[in-house]
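# Residue-level structural notes
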Amino acid sequence: MLKAVEDALADYNIQMKSRLDLVVFRYAAEHVCRISRIIKQPYGNALLVGMGGSGRQSLTRLAAFMADYKLFSIEISKGYGMMEWREDLKKVLTQAGSLGHPTVFLFNDSQMKDDSFLEDINNILNTGEVPNLFAKDEVVGIMEAVTPRAKRSGKPLTPAGLWAFFLDSVQVNLHLVLTMSPVGGAFRERLRQ
C-alpha cells in the first residue's frame with residue numbers, strides 16, 4: 001500500500017503543475033485509502049476534520065489523482081462574493097452532471113466567506129442542485145448536453161426526465177470533500193446549523 005501511494009505521488013509531481021511535497025508514512029497512506037474509498041463510491045462525500053497543515057487537502061488531491069477524477073477547488077480573492085460562488089457552482093455541477101466527469105469538489109472552511117455557501121453545499125448534498133442557480137437558457141443547454149447519455153440509459157427524454165437525469169449524474173459524479181478545522185467556535189456553530 002505504501003509503495004502504491006508513493007508511486008502515485010511521484011506520478012502526480014511529474015504530471016501536475018503544483019507539486020505535493022509529502023512524506024508518505026503509513027498513517028498518511030491509510031488516509032489516502034480512506035478518501036479514495038469514499039470518493040469512488042457513487043454519492044460518496046467526505047468531511048475531513050483536522051488541524052491546518054495536517055494534510056487533509058494534499059491527501060485529497062492525491063486520492064483524486066489516483067482515481068483519475070477531476071479536482072475542482074475555488075480560488076478565493078478579495079472581491080470573491082456570491083456571484084463568483086454561483087458561477088463556480090455552475091462550473092462544477094456542469095462538469096459532473098452535463099459532461100459526466102467524476103469530479104472532486106474540495107472545499108475548505110477558510111473559503112467560506114458567507115454562511116449561504118454552506119447552505120448551497122447542503123442543497124447539493126441533499127438534492128444535487130442549488131435552487132434557481134441556472135437560468136432558463138442554461139437549463140435548456142444542460143438538457144441538450146445530457147440527452148445522448150439519457151437516451152443510452154433508457155431514461156425518458158422529457159424535460160423533467162432530462163433534468164432528473166442531470167441531477168442524478170451530479171450526485172453520482174460529484175464528490176464533495178469538506179475540510180474543516182476544529183479550532184475555535186466556527187466549526188461547532190456550523191455543525192449546529
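It should be emphasised that the depicted structure is a prediction, and the values quoted were computed from it without experimental measurement. (Residues numbered from 1 in each chain as written. Predicted model: local features only at pLDDT ≥ 70, side-chain atom pairs only at ≥ 80, totals over all residues. Heavy atoms only, no water.)

### Re the pairing of strand β1 (residues 46-49)
Strand residues, when the strand is regular, have side chains that alternate between the two faces of the sheet. The side-chain alternation of β1 yields one buried face, formed by Ala46 and Leu48, and one unburied face, formed by Leu47 and Val49. By the bridge criterion, four bridges tie β1 to strand β4 (residues 174-180) in an arrangement that is parallel. For Ala46, the partnering residue across the bridge sits in β4 and is Val177. (Buried < 20%, exposed > 50% of the residue type's maximum accessible area, 1.4 Å probe, protein only. Helix = DSSP H or I, 4+ residues; strand = E, 2+ residues; numbered from the N terminus. Pairing = 2+ DSSP bridges.)

### What about a nonpolar patch on the surface?
Where nonpolar side chains cluster on the molecular surface, the patch consists of Val23, Phe25 and Tyr27 and spans about 370 Å² of accessible area. With respect to the helices and strands, Tyr27 occurs in helix α2 (residues 26-39). (Patch = residues over 30% accessible without salt bridge, like charges linked within 9 Å, V, L, I, M, F, W, Y side chains within 5 Å. Areas by Shrake-Rupley, 256 points an atom, 1.4 Å probe, with all protein chains shown as cover. Salt bridge = Lys/Arg side-chain N within 4 Å of Asp/Glu carboxyl O.)

### As for the packing of aromatic side chains
The tally for this structure, following the rule as stated, stands at nine aromatic pairs. Between Phe72 and Phe105, the aromatic rings sit 5.5 Å apart at their centres with planes inclined by 70 degrees, giving edge-to-face as the arrangement. One end of the pair, Phe72, is in strand β2 (residues 70-72); the other, Phe105, is in strand β3 (residues 103-108), with 33 residues separating them in the sequence. Judged by relative accessible area, Phe72 falls into the buried class, the value being 11%. Given the relative accessible area of 0%, Phe105 is considered buried. Among the aromatic residues, those joined into a cluster by ring pairs are Phe72, Tyr80, Trp85, Phe105, Phe107 and Phe117. (Phe/Tyr/Trp six-rings, centres within 6.5 Å; stacked < 30°, edge-to-face > 60°.)

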